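Chain by chain, the residues:
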Amino acid sequence: MNSPFSKRNRWRQPSVLPGFGLTFGFSLGWLTLIVLIPLATIFLKSAGMGWSDFIKVGFSERAVAAYRLSFGTAAAAGLVNAIFGLLVAWVLARYSFPGKKVVNALVDLPFALPTAVAGIALTALYAPNGWIGQYLDPLGINVAFTRIGIIIALVFIGLPFVVRSVEPVLADLGKDVEEAAATLGATRHQTFTRVIFPAIGPALLTGFALAFARGVGEYGSVIFISGNMPGKTEIAPLLIVTQLEQYAYDGATAIATVMMIASFAILLGINLIQAWSRGRAGA
Amino acid sequence: MITVQNISKRFGDYPALHNINLTIEPGEFIALLGPSGSGKTTLMRIIAGLEFQDSGHVLFDGEDVSTRKVAERGVGFVFQHYALFKHMTVAENVAFGLSVRKRKDRPSKVDIKARAEELLGLVQLGGLGNRYPAQLSGGQRQRVALARALAVEPQLLLLDEPFGALDAKVRKDLRRWLRGLHEQMGLTSIFVTHDQEEALELADRIVVMDHGVIEQVGTAEQVYMEPASPFVSDFVGEINRVDVTVTNGLIRLHDRQLDIPANGHADGPAQLHFRPHDVELAGAGAGAGAGGLPIIVSNLFRKGGKWRVEGHCGALDRVIEIDLDAADTPPHVGVQLVVRPTKSRIFHTSGR
Amino acid sequence: MSQRAIVSESRFARGLLIGSALAFLGFFLLLPLVAVFSEALKQGVGTFWDAVKEPDALASIRLTLLIAAISVPLNIVFGLAASWAITKYSFRGKSLFITLIDLPFSVSPVVSGLIFVLLFGAHGWLGPWLNAHDVKIIFAVPGIILATVFITFPFVARELIPLMMEQGKDDEEAAVSLGANGWQTFWHVTLPNIRWGLLYGVLLCNARAMGEFGAVSVVSGHIRGLTNTMPLHVEILYNEYDFVGAFAVASLLAVLALVTLVAKSVLEWRFDYHHGGAGH
């Protein structure tokens, strides 16, 4: 690494504070060692595979079915979360009611509860003899071991992403803006659809994208409730594990590569949304 | 005509307004002037319908609008921090009020657009319709907020601290321009301010408020020259306050008898108010300054066309400010002067 | 004095909205939590304790604590160094650096495990060399630690960066101008300013480190008593239809989650420390 202290090096502005070399050097080194090099291996391994082999294992019938399932259920769960997450964020940002602090803390439960615990708990609830499943079973509704079960697990995992994206924006949206709409003759409904909703739109979209991205990669909470039938309820992360257990490293790597590219695309999308909304609304 | 009758309002235990009565004639430009917490903003928000009074009535042209929603009152409201819709362009902001009307009352899209353009021209922002509020300066945002409020053709324009968030130069220009606009459009306008200079310069009549009550309503001249209460006297314009006692119709400062008529003021402790420019200097000779206030000049600077002299008054242990003609030779620091107010008011101090 | 009379909903609408939000949260968040404890205690406290005291369960608890005790401090050191470098200086490529730190959040846990298998596994790039020198990483504790550090990599840094960005560097520059050296400046000026944010990040980092399942599952090898962390032990017991045992261990993890939530809330209320980001 070039010495950051070199005078000719203008990539860093001078500062009176000491420790740049140490902290920057250490953090970049650690980042490279723990994150960048390991992540790079997956792309190198894919590249070493050859294009046709990559397509063959990365887009096999079983793999495509798994992608479709993972992305489809993550999108469905993201949508459910966009709606209910907005509702929860609205209620938390706007109203006061007894127990609000507890409810506010509870929203972060999916961040704190290990996914495996969530997985077995949801399965226990929705299994045909479970607390909720026993009432759904006679109606012919199967949740556990179907796509609906996967969606429920992903709704659990993704909810806080939407709530925590939208809530601060809603809270920041000045009361005076809504009053302004009212003085100009807007009904409450018009104020919501034309003033509030467009203002929180980017945050809602960001929350949806975060929940979606998390849902696509989610493993622990899903595998217990999904039933894991190849081609039907086998999510992509599970397929990677299955391939690994069969020592099919190429298959696992190819599927992982496809998923990682998809994740990075989503990440890029999120950044674009945020840059766009910042540029429009001012810093 | 706007009539406010016996309005009272509490926020929890805090009385924001107490029995307010006020009548505003069509075409008037009214300032609600007072320190923060005086209730001026609350009063304006009640007139607008953004807040509801606990008791009393608001009448527009004799009709009680107390139960009418804000949207139905036909008021234009300009918010202190503008409250522009950030995600809409300037033109969309201005057009908002027209575009949310019920279909049968709503002008066509083309008409709305033309109207928005026209208003932007009126507030001297023609051609900026496609910008977003974030891309405008503070003064420009203020004018967008004004154009947006005017778009719904309000019979009453309400402005909350309209110049509060602007820097001094822009503020002065915008003030003059707003006054012109008010006259040009024949509006009735009320604005809230804590800046007495702004109120004196702009308003036809000033409503001075403090602690939820109206202290005085009057023209700038009346409020300045004939303050109805010590609060008004103190709050509007600069003032010197001197604690005195009235005994047998004579004003005394400690042992010293001042050469100022008590105008039949009742005996007891009182406060003498006089403005820095309402003074003359007594002669320097012995005994000439017997009826005045002796001060030692402590500081001196030019203020506009006058000399501002700050002098310490030993008998009061406080600083008295006076203005002297700039043409005169200024006194030196440390010199003793004897100041005699030419115009003053006396207020009883027991009440407050 | 939040008089929202004008810009709020009717009492009825408000009640309806609050009611449906609470119903949704109750159904989707609270009920699963209740289920964990209820299932764990289904056959009484005695059975619950027996399940927890079982040697393999105890081994998994010890391993989980060990993993957290190693990976959390590593992330604290990294988080402090990275956020100092990022927030106290201006240099080119800063936003790329921040994006790279966030990278592990956007990688599926399973993929996070896979990359270490590809590197250190028996068939991995360094596998033969490691084998020759008798170093075991995959299917052993070092692999679990590596995967955990990777997964929790951004937690502390992303909590500190916005906080320190907001605080600027005036305080530090003042300290340096008064003659403090870098270490004194950090210890006496910076650290007191960021301690609650740091604690917040550590809480979340710890919760994730103890609870991680996917990544650890791939690298652990599931050897009972040796490489089974608590979440993995839950899975094994569950798959063996030992539901009480599975839920007993799971309930310990649920308690950890609750403690995390309470501590986090206390930080938010008591110290008015507001969580900036959109979470993880």
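Everything numeric in this text was worked out from a predicted model, so none of it was measured.

What counts and how
Residues numbered from 1 in each chain as written. Chains lettered and ligands numbered in written order. Predicted model: local features only at pLDDT ≥ 70, side-chain atom pairs only at ≥ 80, totals over all residues. Heavy atoms only, no water. Helix = DSSP H or I, 4+ residues; strand = E, 2+ residues; numbered from the N terminus. Buried < 20%, exposed > 50% of the residue type's maximum accessible area, 1.4 Å probe, protein only. Pairing = 2+ DSSP bridges. Contact = heavy atoms within 4.5 Å. Axes fitted to C-alpha atoms, helices over the stretch in contact; angles between N-to-C directions. Phe/Tyr/Trp six-rings, centres within 6.5 Å; stacked < 30°, edge-to-face > 60°. Lys NZ or Arg CZ within 6 Å of the ring centre and 35° of its normal. Expected span 1.5 Å × (residues − 1). Arc of directions from axis to C-beta. Salt bridge = Lys/Arg side-chain N within 4 Å of Asp/Glu carboxyl O. Buried area = accessible area lost by both parts, 1.4 Å probe. pLDDT = per-residue confidence, 0-100.

**Q** Help me understand the overall build of chain A in this model?
**A** A count of helical and extended segments in chain A gives 13 helices and 0 strands. Tracing chain A from N to C terminus, the helices and strands come up as α-α-α-α-α-α-α-α-α-α-α-α-α. With respect to the principal axes defined by its C-alpha atoms, chain A has extents near 75 × 65 × 35 Å. Expressed as a percentage of its 283 residues, the buried residues of chain A come to 55%.

**Q** I would appreciate a short explanation of the sheet that holds strand β4 (residues 55-60) of chain B in the present structure.
**A** Residue and element names in this part refer to chain B. Taken together, the 4 strands give an open sheet; going across it, the order is β2-β1-β4-β5, and neighbouring strands pair in antiparallel fashion. Edge positions in the open sheet fall to β2 (14-24) and β5 (63-64), since each of these has one partner strand only. Summarising the sheet, strand β1 (residues 2-11) and β2 pair through 7 bridges and their orientation is antiparallel. Each bridged residue has a counterpart across the sheet, and for isoleucine 7 the counterpart in β2 is isoleucine 20. Here helix α1 (residues 40-48) sits on the sheet and contacts β1, β2 and β4; the angle it forms with β1, its principal contact strand, is near 120 degrees.

**Q** What am I meant to see in the sheet that holds strand β7 (residues 156-160) of chain B here?
**A** Residue and element names in this part refer to chain B. Taken in spatial order, the 6 strands of this open sheet run β6-β7-β8-β3-β9-β10, and their pairing is mixed. Each of the sheet's edge strands pairs with one partner strand only, and the pair in question is β6 (75-78) and β10 (213-218). When the angles between neighbouring strand axes are averaged without regard to direction, this sheet yields 15 degrees. Where β7 meets strand β8 (residues 188-193), 5 bridges bridge the pair, whose relative direction is parallel. Each bridged residue has a counterpart across the sheet, and for leucine 158 the counterpart in β8 is isoleucine 190. Seen against the sheet, helix α5 (residues 168-185) touches β3 (29-33), β7 and β8 and runs at an angle of roughly 135 degrees to β3.

**Q** Where do I start with the packing of aromatic side chains in this structure?
**A** The relative placement of two aromatic rings is captured by the distance of their centres and the angle of their planes. Enumeration over the complete set of coordinates arrives at 34 aromatic pairs over all chains. For the pair Phe20(A) and Phe24(A), a centre-to-centre distance of 5.1 Å together with 15 degrees between the ring planes defines the contact as stacked. Here Phe24(A) and Phe20(A) lie together in helix α1 (residues 20-47), a separation of 4 residues that amounts to about one turn. On the basis of relative accessible area, Phe20(A) is assigned to the buried category, the value being 1%. Ring geometry for Phe192(A) versus Phe197(A): centroids 6.1 Å apart, planes at 50 degrees, classification tilted. Overall, Phe192(A) belongs to the partly exposed group, its relative accessible area being 26%. Three or more aromatic residues joined by ring pairs make a cluster, and in this case those are Tyr219(A), Phe224(A), Phe213(C), Tyr238(C), Tyr241(C), Phe243(C) and Phe247(C). Arg148(B) extends its terminal NZ or CZ atom over the ring of Phe85(B), reaching a point 4.6 Å from the ring centre.

**Q** Can you help me understand helix α3 (residues 109-122) of chain B in this one?
**A** Residue pairs three or four apart in sequence face the same way in an α-helix, which turns once every 3.6 residues. Residues and elements named next belong to chain B. For α3, with 14 residues, the first-to-last C-alpha span of 20 Å sits near the 20 Å given by 1.5 Å per residue. Buried residues of α3: Ile112, Arg115, Ala116, Leu119 and Leu120, and no others. For α3, the arc enclosing every buried residue in end-on projection is 135 degrees, short of the 170-degree limit, so these residues lie on one face. Across from the buried face of α3, at angles greater than 90 degrees, the exposed residues are Val110, Lys113 and Glu118.

**Q** I would appreciate a short explanation of the pattern of salt bridges in the present structure.
**A** When charged atoms on two side chains of opposite charge get close, those side chains can pair. Tallied over the full model, the rule gives 36 salt bridges over all chains. Across the salt bridge formed by Asp108(A) and Arg164(A), the nearest N and O atoms sit 3.0 Å from each other. Here Asp108(A) is found in the loop between α4 (100-106) and α5 (109-112), whereas its partner Arg164(A) is found in helix α8 (residues 147-172), with 56 residues between them in sequence. Each member of the pair Asp108(A) and Arg164(A) is classed as buried. Across the pair Glu201(B) and Arg175(B) runs a salt bridge whose closest N-O atoms are separated by 2.7 Å.

**Q** For this particular structure, what's the right way to read the interface of chain C and chain A?
**A** It is common to give the size of an interface as the accessible area that goes away when the parts come together. Facing the 92 residues of chain C at the interface are 94 residues of chain A. Each partner contributes to the roughly 8,400 Å² buried at the junction of chain C and chain A, and carbon and sulfur atoms together form 80% of this total. The largest share of the area that chain C buries against chain A comes from Phe24(C), Leu29(C) and Tyr89(C), three residues that together contribute 8% of it. Between the two partners, chain C and chain A, sit 2 salt bridges. In this structure, the salt-bridge partner of Lys264(C) is Asp108(A), at a minimum N-O distance of 2.2 Å.

**Q** When you look at α1(B) in this model, what are you seeing that I'm missing?
**A** All names here are of chain B. In terms of burial, α1 is largely enclosed, as 8 of its 9 residues are buried. Listed in full, the buried residues belonging to α1 are Lys40, Thr42, Leu43, Met44, Arg45, Ile46, Ile47 and Ala48. The first or second residue beyond α1 is glycine 49, which carries a positive phi of 95 degrees.

**Q** Would you take a moment to explain the confidence of the model for chain A for this structure?
**A** Low pLDDT marks regions whose predicted coordinates should not be analysed in detail. Here chain A averages 90 in pLDDT, and 95% of its residues register 70 or above. Looking over chain A, one finds the lowest element-wise mean pLDDT in helix α13 (residues 249-281) of chain A, namely 86, and the highest in helix α3 (residues 61-94) of chain A, namely 96.

**Q** What is the right way to read the environment of Ile83(A) from this model?
**A** Residues and elements named next belong to chain A. Along the chain, isoleucine 83 turns up in helix α3. Judged by its relative accessible area of 55%, isoleucine 83 is exposed. Remark: the alpha-carbon pair of isoleucine 83 and asparagine 104, spanning 21 residues in sequence, is separated by 17 Å.

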